[in-house]
Amino acid sequence: MKFVEEFRQRDVAQKLAAAIATEADTGRDYRLMEFCGGHTHAIFRYGIQDLMPSNVHFVHGPGCPVCVLPIGRIDNAIELARDERVILTIYGDLLRVPGSRQNSLLKLKATGADVRMVYSTTDALRIARENPDREVVFFAIGFETTTPATAVALLTAEREQLSNFTVFCNHVLTPAAIQNILQSPEVRDIGSVAIDGFFGPSHVSSVIGSRPYEFFAEEYQKPVVIAGFEPLDVMQSALMLIRQLNEGRHEVENEYPRVVTRDGNVKAQRLVADVFELRREFEWRGLGLVPYSALRVKSRFADFDAERRFDVPTIRGTDVKGCECPSILRGAARPTDCKLFGKVCTPENPMGSCMVSSEGACAAYWSYGRFRKAEEAAA
Ligand code: SF4
C-alpha cells in the first residue's frame, strides 16, 4: 500500500538503525523530544527505542490535545452537558477524561445527560439542524490540524443562520507550547529536562508549514526535524537530528516533504484567521498558563460561541493525587515513574488524561507493554 508499507520496510529500518549506531557519538547522549503523541505511539508500536543505541533517548512531549486539556475545561463541559437544553457533541477521546472528583462526560451520559459522540464537525452541524429546539454545543479540541474544520463549521453555521449551534473552543497552538517548554526552568536553569532537538509535528505542520519552527531553532539553538508518523520517518528523522547535533547545526529540516511545505496550507490558515483570534493566555495541563497559546472565537461569531452564550466561567481543577500527567507532559517524568501506572490507572480505569487518549504517553506505554521487558530484565 503506497505511503504505508514503503515506510515500514524491515530491511530499510535495519539500515537506518545501523547508520544511527555508526553516527551516534558514544561520548555523548542525544535527548530528542517528540512533541507529538502520534510519534510517541509510533515509537512504542514499532519498538523504535529498541533499535536505538543506548545513548539515544526519546523524551515524550505535550503533543496530545486531550492530555493537555486542563481539568477545568472538562468541568466546564460537564456543566454545559448538565443543562437540559444542551446536546453536547464531542470526539470519543474526551468521553472518559477525568474531570474534578473523577467525574467524566461518560459518567454524566450514563445518568441521562445528552452527550453525543461525533466523528466530525459535519455530524455536529447535522445534529443542530435536526434539533432546532435544542442547543447543540460542539466541544472543539485539537492543535492546528483540526482548527480549520471548526472554522468551516462556524462559517457554515453563520451562513445557514443555525442559531442553536455553538462551539466550545479549546484549540491550542503548537509553537507557543514548544517555546514554553524551552523557556521552562526545568530546561533552561536546572537542566533536569535535557532536550537536544525536536521531532516536529507532522499533521500540524501540514497546516502551519515548517517556517514557524525556524525561530526556535535559531533562538534556542535546537535542531528541529519535521517527521512523518511511520516508523521509517521517525528513524530517518532521528538520524537527521543526530547529524545536526554532531555537526553543531540547529536548523529546521523537513523529513516529511510528501505532505509538509515551508509555508503550509495557506488557505486553511486564512480560514482560521477569519474566524479565530489569539487568547491572551490559556491553561495547559502540565505547562500552566501559556501566553498566546490558544484560540478563541472572534466577536463577529459571538452568537456561535458557547463561552459567551452560556457564560462559561474559568475553573481551576486539580489532578488526581499521585497522577504524574503534568510532569510527563513536560518531559520531566515517564509513565512508569507514576506510582498509579498499571495498578490503579489503566486504560479501562484511567486516572489521568495521558491514559485515556489514543495519543497519550501512558496509554502508549501500557498498550504496547514495552516497559514490561525492562521490568523483567530488572527482576
Ligand atoms: S499512569 Fe495514570 S495516574 Fe499515572 S500519570 Fe499516567 S494517567 Fe496519570
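Here the structure is a predicted model, which is why all the values come from computation and not from measurement.

Novice: Looking at this model, I keep getting lost on the pairing of strand β2 (residues 56-63). Mind explaining?
Specialist: On a regular strand, one side chain projects to one face of the sheet and the next to the other, so that they alternate. Of all 8 residues making up β2, 7 are buried, and the element is well covered by its neighbours. Note: strand β1 (residues 30-36) against β2, 6 bridges, orientation parallel. Opposite C36, over in β2, you have G63 as the bridge partner. Note on the crossover from β1 through helix α2 (residues 37-45) to β2: the handedness is right-handed.

Novice: In this structure, what is going on with the nonpolar core? I would like to understand it.
Specialist: A general feature of soluble globular proteins is that nonpolar side chains tend to end up buried together. L94, L105 and W284 are the most contacted members of the largest nonpolar core, which totals 101 residues. No other element matches helix α12 (residues 231-246), which puts 9 residues into this core. Not counting chain neighbours up to four residues away, the residues in contact with L105 comprise A77, I78, A81, L88, I90, L94, L95 and V115.

Novice: I'm lost on the environment of T346 in this one. Help?
Specialist: Here T346 lies in the loop between α15 (325-329) and α16 (361-368). The spatial distance from the C-alpha of T346 to the C-alpha of D274 is 41 Å, given a sequence separation of 72 residues. Setting aside residues no more than four positions away along its own chain, T346 makes contact with M355 and W366.

Novice: It is not clear to me how the state of the cysteines should be interpreted in this structure. Could you clarify?
Specialist: By definition, a disulfide links the sulfur atoms of two cysteines through a covalent bond. Overall, the coordinates contain 1 disulfide when judged by the stated rule. Across the disulfide from C64 sits C67; the S-S distance is 2.5 Å. Residues C64 and C67 share a disulfide whose torsion about the S-S bond is about 75 degrees; that sign makes it right-handed. Summarising the burial analysis for this pair, C64 and C67 share the class buried. In this structure C36 is a free cysteine whose sulfur lies 8.9 Å from that of C64, the closest cysteine sulfur available. For C36, a relative accessible area of 10% puts it in the buried group.

Novice: Could you clarify how one ought to interpret the sheet that holds strand β3 (residues 86-90) in this entry?
Specialist: Strand pairing in a sheet relies on backbone hydrogen bonds. The paired strands run either parallel or antiparallel. Across the sheet, 4 strands lie side by side as β4-β3-β5-β6; this open sheet has parallel pairing. At either margin of the open sheet sits one strand with a lone partner, and together these are β4 (115-117) and β6 (165-171). Taken pair by pair, the neighbouring strands of this sheet meet at an average axis angle of 25 degrees, ignoring direction. Here 4 bridges tie β3 to strand β5 (residues 135-142), and the two strands are oriented parallel to one another. The residue of β5 that forms the bridge with I87 is V136.

Novice: It is not clear to me how the sheet that holds strand β9 (residues 252-254) should be interpreted in this structure. Could you clarify?
Specialist: Strands sit in the order β2-β1-β7-β8-β9 across an open sheet of 5 strands; the sheet is parallel. Edge positions in the sheet fall to β2 and β9, since each has one partner strand and no second. Pairwise comparison of adjacent strand axes, ignoring direction, gives a mean angle of 25 degrees for this sheet. Its contacts with the sheet place α2 against β1, β2 and β7 (197-200), and it is angled at close to 120 degrees to β1. Where helix α8 (residues 174-183) meets the sheet, its contacts fall on β1, β2 and β7, and the angle it forms with β1 comes to roughly 150 degrees.

Novice: Would you mind showing me how to read the packing of helix α6 (residues 121-130) against helix α7 (residues 147-160) here?
Specialist: The packing of two helices is summarised by the inter-axis angle and the distance between the axes. At a closest axis distance of 9 Å, the pairing of α6 and α7 adopts a crossing angle of 25 degrees. Judged on the interaxial angle alone, α7 and α6 are roughly parallel. Classified by chirality, the crossing of α7 by α6 is right-handed. Facing T121, L125 and R129 of α6, the residues of α7 in contact are A149, T150, A153, T156, A157 and E160.

The rules behind each value
- Residues numbered from 1 in each chain as written.
- Predicted model: local features only at pLDDT ≥ 70, side-chain atom pairs only at ≥ 80, totals over all residues.
- Heavy atoms only, no water.
- Buried < 20%, exposed > 50% of the residue type's maximum accessible area, 1.4 Å probe, protein only.
- Helix = DSSP H or I, 4+ residues; strand = E, 2+ residues; numbered from the N terminus.
- Pairing = 2+ DSSP bridges.
- Right-handed = clockwise from strand over helix to strand, strands pointing away.
- Core = buried A, V, L, I, M, F, W, Y, C linked by side-chain atoms within 4.5 Å.
- Contact = heavy atoms within 4.5 Å.
- Disulfide = S-S within 2.5 Å.
- Axes fitted to C-alpha atoms, helices over the stretch in contact; angles between N-to-C directions.
- Parallel < 35°, antiparallel > 145°, perpendicular 65-115°, else oblique.
- Left-handed = near helix turned anticlockwise from the far one by under 90°.

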